[in-house]
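Summary of the model geometry
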Amino acid sequence: MSFTGLVSIALGAILIENFILVKFLGICPFLGVSKKMDTAAGMGLAVTFVMALASVFTWLVNHYLLVPLNLQYMQTLAYILVIASLVQFVEMFLQKSVPGLYRALGIYLPLITTNCAVLGVAVLNTTKGYNLLESLVYGISGGIGFLVAILLFSSIRERLEFSDHPKAFEGFPITLVSAGLLAMAFMGFSGLKIW
Amino acid sequence: MHIDIMNIVWAVVVLGAIGAVFGIVLAIASKVFSVGADSRGENILNILPGVNCGGCGFTGCALYAEAVSRGDVPVDLCAPGGRKTAEEIARLMGTDVPESDRMVAVVKCSGGTGALKRFEYDGIHDCRSADLVGGGPLECPSGCIGFGTCVEACPFDAIYLKDGRAVVDHEKCTGCLVCVEACPRKIITPFSYNKDVIIKCSSHERGAAVRRVCGAGCVGCSICKKECPSGAITIDGNLAAIDPEKCTDCGKCVSVCPRGLITHSRPQSGMNSGETM
């Protein structure tokens, strides 16, 4: 796989097929923790981190366990198992070894154990038939895509706080409408040509 | 339809094995990477009364204990626990209890039913309305009307009426001073919770005038000023005033005041009686 191929995977995951705004995966944390920019950044970083690790480990499990044993149909179950244990392990490891990062990611790390975007990246890696390196790149850039989307959205929501919208739209309605508009804006990237 | 039973067995075995391996790894990791948790929060929680009143500003004792253990908040926010609890927490945290500057409200009037009335007010039963009618029904311009406008204003049920005047319960008072705003006579003032002796009169009238209209008002006789061992009392416009900086709460003035308007704010038993010696 050439370098351009990897770049194309990365760009695709970040912009063209953004996990939140185009694939509509991981909407829950996207709406839940996008009220403030700093929490949104924390969530985005945690997701990126877990997605990268999850794509590597699920690839290994798939390649060395599920495929040889003809158990691909148990993929979802096995991936959930892998991701959940992995996140738990990483959390313990960080708490001991990198307390700074542990505090930065905070509550978000265990929260995204069952984030569908994380499971989504693992399943998509398998469906697309990526190799280990490609999976890693796809995972990282998927996470970056998540980070970009949630950061953009949190800055919009911070402005919404002070905007003068109709009473009926207050709170979640206006949030969902803005999310929809942001998603539409991202549709523009679908025309992006990659080499 | 043919079902290969071995397929199912393999799936169970493999997934079970994956789960078991991860479980064991996690169990080991939790031991290897275990971090000694800060147990102070838990210890503080044990000291706290555990009534979860929320008076400290946190939603429950556990959250307050945690915040204290992080060193974010003072150790003396627990009102039900009082000073004793604060000292215990301070010992645990290795700090001192800050000189608490808790303020409470005090109604500076001793008149009540002993105050002379100019007329019988029969309007809306509210101090503010009564005060608007020619300066109120009392002869004394700074006497408590006793209709309980402050009682209703108090969000903490800390003010009650006794003998026709308002009295603040200093244990219940949180020092929000809503009553200070509510009182049309402006005779409720902040007072340090740690202090004891209060002069309960706000009248600046001359002695003879006070004597005529009120059975308990300050006539500016200066006896308390002369008797005060620490020189804390001044007479300002026919009204005695205590300098809280100098006052030692010895209680001398309480016993010498011929009008009986200097009082203790605390019940006189236990610790204070010892200090007055």
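Just above sits the structure.
Analysis parameters
- Residues numbered from 1 in each chain as written.
- Chains lettered and ligands numbered in written order.
- Predicted model: local features only at pLDDT ≥ 70, side-chain atom pairs only at ≥ 80, totals over all residues.
- Heavy atoms only, no water.
- Patch = residues over 30% accessible without salt bridge, like charges linked within 9 Å, V, L, I, M, F, W, Y side chains within 5 Å.
- Areas by Shrake-Rupley, 256 points an atom, 1.4 Å probe, with all protein chains shown as cover.
- Salt bridge = Lys/Arg side-chain N within 4 Å of Asp/Glu carboxyl O.
- Helix = DSSP H or I, 4+ residues; strand = E, 2+ residues; numbered from the N terminus.
- Buried < 20%, exposed > 50% of the residue type's maximum accessible area, 1.4 Å probe, protein only.
- Expected span 1.5 Å × (residues − 1).
- Contact = heavy atoms within 4.5 Å.
- Core = buried A, V, L, I, M, F, W, Y, C linked by side-chain atoms within 4.5 Å.

Moving on, we come to a nonpolar patch on the surface. Residue and element names in this part refer to chain B. A cluster of nonpolar side chains, Ile 3, Ile 5, Met 6, Ile 8, Val 9, Trp 10, Val 12 and Val 13, forms an exposed patch at the surface whose accessible area comes to about 760 Å². Inspection of the secondary structure assignment puts Ile 8 in helix 1 (residues 5–32). Residue classification places Ile 8 among the partly exposed residues on the basis of a relative accessible area of 46%.

This paragraph deals with helix 9 (residues 172–187) of chain A. All names here are of chain A. With 16 residues, helix 9 should reach 22 Å at 1.5 Å per residue; the first-to-last C-alpha distance of 23 Å fits that figure. Buried within helix 9 we find Ile 174, Thr 175, Ser 178, Ala 179, Leu 182, Ala 183 and Phe 186. Each element contacted by the buried residues of helix 9 is listed here: helix 1 (3–16), helix 2 (27–32) and helix 8 (132–160).

Here the focus is the pattern of salt bridges. Summed over the entire model, instances satisfying the criterion amount to 9 salt bridges over all chains. With its nearest N and O atoms 3.8 Å apart, the salt bridge here joins Lys 167 of chain A to Glu 170 of chain A. The class for Lys 167 of chain A is exposed, based on a relative accessible area of 70%. Salt-bridge contacts for Lys 252 of chain B lead to Glu 227 of chain B; the nearest nitrogen and oxygen are separated by 4.0 Å. Pair noted here: Lys 252 of chain B is in helix 10 (residues 252–256) and Glu 227 of chain B is in helix 9 (residues 223–227), with a separation of 25 residues, a long-range link. For Lys 252 of chain B, a relative accessible area of 38% translates into the label partly exposed. Look at the salt bridges and you will find they share partners, linking Glu 17, Lys 23 and Lys 128 of chain A into a network.

This brings us to the nonpolar core. Ranked by internal contacts, the top residues of the largest apolar core, which has 54 residues, are Leu 21, Phe 30, Met 43, Met 51, Leu 109, Tyr 138 and Ile 150 of chain A. Looking at this core element by element, the count peaks at 9 residues for helix 3 (residues 37–66) of chain A. In this structure Phe 30 of chain A touches Ile 20, Leu 21, Ala 149, Ile 150, Phe 153, Ala 179 and Leu 182 of chain A, once residues within four positions along its chain are discounted. Of all hydrophobic cores here, the second largest spans 20 residues; its members include Val 107, Ala 158, Cys 173 and Phe 191 of chain B.

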